[in-house]
Amino acid sequence: MIIRKIVNGYQLEKIVDIPEAAKNMPVELIVRIPLNKRKKSKKGDEILNELSGVFGKYKNPNLIPSEEEAWKNTVREIYEKEQ
C-alpha cells in the first residue's frame, strides 16, 4: 500500500530532516506500507474459521480419489479442443 500527498516542507521539519530550500516549497510525501508487515484482522480470521467446511454437505467421497488427476485432465481436454 502506498500513500502519496503533497505538503509544504515546513510541515515535515519536525519528523524528517529536510534541506532548508525545501522548507518553503511543496514536497511530495510518500508512505509505503510493506504488504508482508500488515496484520490480519481478527474479523477476517474469524470469518475464515466460520466458513471452514461450509460446503461439506456437497462433498462426494466417491470423487475424492479422482481429484488428484482432475486438473491435469481438464487442461488436457482444453488443449485438445484448441488443436
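In this report, the structure presented in the accompanying data block is examined.

About the thresholds
Per chain, residue numbering runs from 1 following the sequence as it is written. Only residues with pLDDT of at least 70 get local features here, since the model is predicted, and only at 80 or more are side-chain atom pairs given and counted; chain-wide, interface and lining totals rely on the full set of residues. As a convention, hydrogens and water are excluded, and side-chain values are obtained from all of the structure's heavy atoms. Helix and strand definitions follow DSSP, with helices as H or I runs of at least four residues and strands as E runs of at least two, each counted in order from the N terminus. Taken over C-alpha atoms, the radius of gyration is set against a globule rule of 2.2 Å times the number of residues to the power 0.38. For the purposes of these results, a polar contact is taken to be a pair of N or O atoms within 3.5 Å, where, inside protein, one atom must be able to donate a hydrogen and its partner to accept one; residues adjacent in sequence count only when each atom of the pair is a side-chain atom. In this analysis, two residues are considered to be in contact whenever any of their non-hydrogen atoms come within 4.5 Å of each other. Whenever a carboxyl oxygen of Asp or Glu lies within 4 Å of a side-chain nitrogen of Lys or Arg, that contact is scored as a salt bridge. Each residue is placed in one exposure class: buried if its accessible area under a 1.4 Å probe, protein chains only, is under 20% of its type's maximum, exposed if it is over 50%, and partly exposed if it falls in between. In this scheme, patches are assembled from residues that exceed 30% relative accessible area and form no salt bridge. Like charges are connected within 9 Å, while nonpolar side chains (Val, Leu, Ile, Met, Phe, Trp, Tyr) are connected within 5 Å. Only the protein chains shown count as covering a residue, and every accessible area follows the Shrake-Rupley method with a 1.4 Å probe.

**Quick look at the overall build of the chain**
Per the secondary structure count, the chain includes two helices and two strands. Going residue by residue from the N terminus, the α and β elements of the chain occur as β-β-α-α. A compact globule built from 83 residues would reach a C-alpha radius of gyration of about 12 Å, whereas the chain, at 27 Å, exceeds it by more than 25%. Structurally, the chain occupies a C-alpha span of about 75 × 40 × 15 Å along its principal axes.

**Focus on the side chain of Lys-23**
For Lys-23, the position within the fold is in the loop between strand 1 (2–8) and strand 2 (26–32). Side chain to side chain, Lys-23 and Glu-13 meet in a polar contact 3.4 Å long. At 2.9 Å, the side chain of Lys-23 and the side chain of Glu-20 are in polar contact. Discounting chain neighbours no more than four positions away, the residues touching Lys-23 are Gly-9, Tyr-10, Glu-13 and Ile-18.

**Description of the pattern of salt bridges**
A full pass over the atoms with the stated rule returns four salt bridges. Glu-20 serves as the salt-bridge partner of Lys-23, at 2.9 Å between the closest nitrogen and oxygen. A relative accessible area of 17% means that Lys-23 is categorised as buried. Overall, Glu-20 belongs to the exposed group, its relative accessible area being 60%. When salt bridges with common partners are traced through the structure, they connect Glu-13, Glu-20 and Lys-23 into a single cluster.

**A short note on a nonpolar patch on the surface**
Residues Ile-47, Leu-51, Val-54, Phe-55 and Tyr-58 make up a contiguous nonpolar surface patch of roughly 570 Å² in combined accessible area. Tracing the backbone shows Ile-47 in helix 1 (residues 42–51).

**Observations concerning the environment of Ile-30**
Note on placement: Ile-30 falls in strand 2. Exposure remark for Ile-30: the relative accessible area of 48% places this residue in the partly exposed category. As a C-alpha pair, Ile-30 and Ile-3 span 27 residues in sequence and 5.7 Å in three-dimensional space. Among all residues touching Ile-30, those that are not within four sequence positions of it are Ile-2, Ile-3 and Arg-4.

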